[in-house]
Amino acid sequence: MKGITIEQYGGPEVLQRRDDMPIPTPRPGELLVRVAYAGINFMDIHTRQGKYARSRTYPVRLPCTLGMEGAGEVVQMGEGVARFSVGHRVAWCIAWGAYAEYVCIPAEKAALLPDSIGYDVAAASMFQGCTAHYLVTDVANLRAGDSCLVHAASGSIGQILIQMAKRLGSTVHATTSTPDKADVAFACGADYVHLYDGGAFADAVRGQTGGAGVDVVFDSVGRATLRDSFRATRIRGMVVNYGSVSGSLQDLDPIELGEAGSLFLTRPRLADHMQDAVTVQRRADDVFAAILKGDLNIKIAGTYTLDDVHEVHARIENRTQIGKSVLRIWP
């Protein structure tokens, strides 16, 4: 079978296209899936760069086949799998190997996919959709009348966060790096959009909230924004640092949270909110239902093939790719 592997960490040059990979055999508790589409995510970039080399939450190790999200058809089941059958349409995330024609995934990480949702949309929505779902509902517990700030609002997760927060009746502030990206955030329903402007977004948010700040900040940027996120948050509010694309803050003293207004700071990961099959299916069902109802619009920025992986990885790494892209694996 064909696939994309890495044997060492590094830039896009370490990506290897292989056409002679053996089709894997499912072990007990696993599904063998013929992959239709794979999602392309920043986690794939981080995997290639080696940022999960010592992770206990995401124990992916070299050598590996890239791709931690996908959708396809079950073709074989390992011993002990009862919830699925051959021919079932499934989608999954945080199980690696989707940049290939076939992949074995733990059955507990797979969700049944409605016939009315295409494989491409499923592969574009499973990881970001479930991430936004747990951030909004479980971590932040957003309710009607709350306010939030979404960083990187034109990105895949940012777009979904905005839409989910608006579904719940929250006021949404957003940040982007350019006016063009601001238009993307407004199109998703953001009430206010600010440019980062060296941290001046915090002053703008304070000004538009009567000096109070927002209830919750969703910060996937990290070092470049986190301290200003504190400034944008109300007393006893919450800052959710769910990513660090600009790097991690290495010198944070917890006393800063007290000085900023007795803030709550959390660094959650999706794996801890997708720990069993029931939760995986429940989150996926909520995301798919919102898509079918028209409350959640998943925009696919580009559809590529295995031959394009080097190019797409470079664009994502350089922040020149806006929105979610997918790889068409089959047919």
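Let me begin by describing the structure that accompanies this report.

The rules behind each value
- Residues numbered from 1 in each chain as written.
- Predicted model: local features only at pLDDT ≥ 70, side-chain atom pairs only at ≥ 80, totals over all residues.
- Heavy atoms only, no water.
- 1 Å grid on protein atoms, 1.4 Å probe; cavity = no way out; pocket = protein on both sides within 12 Å on 5 of 7 lines; lining within 4 Å.
- Points joined across faces, edges and corners; volume = space filled by probe spheres on them.
- Helix = DSSP H or I, 4+ residues; strand = E, 2+ residues; numbered from the N terminus.
- Nonpolar A, V, L, I, M, F, W, Y, C, P; charged D, E, K, R; others polar.
- Salt bridge = Lys/Arg side-chain N within 4 Å of Asp/Glu carboxyl O.
- Buried < 20%, exposed > 50% of the residue type's maximum accessible area, 1.4 Å probe, protein only.
- Contact = heavy atoms within 4.5 Å.
- Polar contact = N/O pair within 3.5 Å; in protein donor to acceptor, adjacent residues only side chain to side chain.
- Arc of directions from axis to C-beta.

Here we come to empty space enclosed by the protein. All told, the structure shown has one cavity of 30 Å³ or more when counted by the stated rule. Estimates place the volume of the largest cavity at around 60 Å³. Looking at the largest cavity, the residues that line it are Ala124, Gln128, Ser156, Gln159, Ile160, Asn297, Ile298, Lys299, Gly323 and Lys324. Secondary-structure elements contributing two or more residues to the lining of the largest cavity are α2 (119-139) and α3 (156-167). Of the residues in the lining of the largest cavity, the class split is three nonpolar, five polar and two charged.

So, about the layout of surface pockets. A volume near 1,100 Å³ is recorded for the largest pocket. What lines the largest pocket is a set of 42 residues, among which Phe42, Ala152, Ile157, Ser220 and Val245 lie closest to the centre. Where the lining of the largest pocket is concerned, the elements lending two or more residues are α1 (42-49), α2, α3 and β10 (171-176). If you add up the space inside the second largest pocket, you get close to 630 Å³.

Our next topic: the pattern of salt bridges. Under the definition given, this model contains 17 salt bridges. Between arginine 17 and aspartate 307 there is a salt bridge; the shortest N-O distance is 2.4 Å. Pair noted here: arginine 17 is in strand β2 (residues 16-18) and aspartate 307 is in the loop between β15 (300-304) and α9 (309-317), with a separation of 290 residues, a long-range link. Its relative accessible area of 32% is what places arginine 17 among the partly exposed residues. For the salt bridge of arginine 234 with aspartate 215, the shortest nitrogen-to-oxygen distance reads 2.5 Å. Highlighted residues: arginine 234 in strand β13 (residues 233-241) and aspartate 215 in strand β12 (residues 214-219), separated in sequence by 19 residues.

When its relative accessible area of 17% is taken as the criterion, aspartate 215 is described as buried. Once the C-alpha coordinates of aspartate 215 and asparagine 297 are considered, the two residues, 82 residues apart in sequence, prove to be 25 Å apart. Filtering out sequence-adjacent residues up to four positions away, aspartate 215 remains in contact with Asp146, Ser147, Thr233, Arg234, Gly237 and Met238. There is a polar contact of 2.5 Å between the side chain of aspartate 215 and the side chain of arginine 234.

Another point: helix α4 (residues 179-188). It helps to recall that an α-helix has 3.6 residues per turn; residues three or four apart then point in one direction. The complete set of buried residues in α4 reads Lys181, Ala182, Ala185 and Cys188. Buried residues of α4, seen end-on, are gathered within an arc of 115 degrees and therefore sit on one face of the element. Along α4, the residues that are exposed and aim more than 90 degrees away from the buried face are Pro179, Asp180, Asp183 and Ala187. Among the structural elements, α3, β10 and β11 (192-195) are those in contact with the buried residues of α4. Positive backbone phi, approximately 115 degrees, marks glycine 189, located one or two places after α4.

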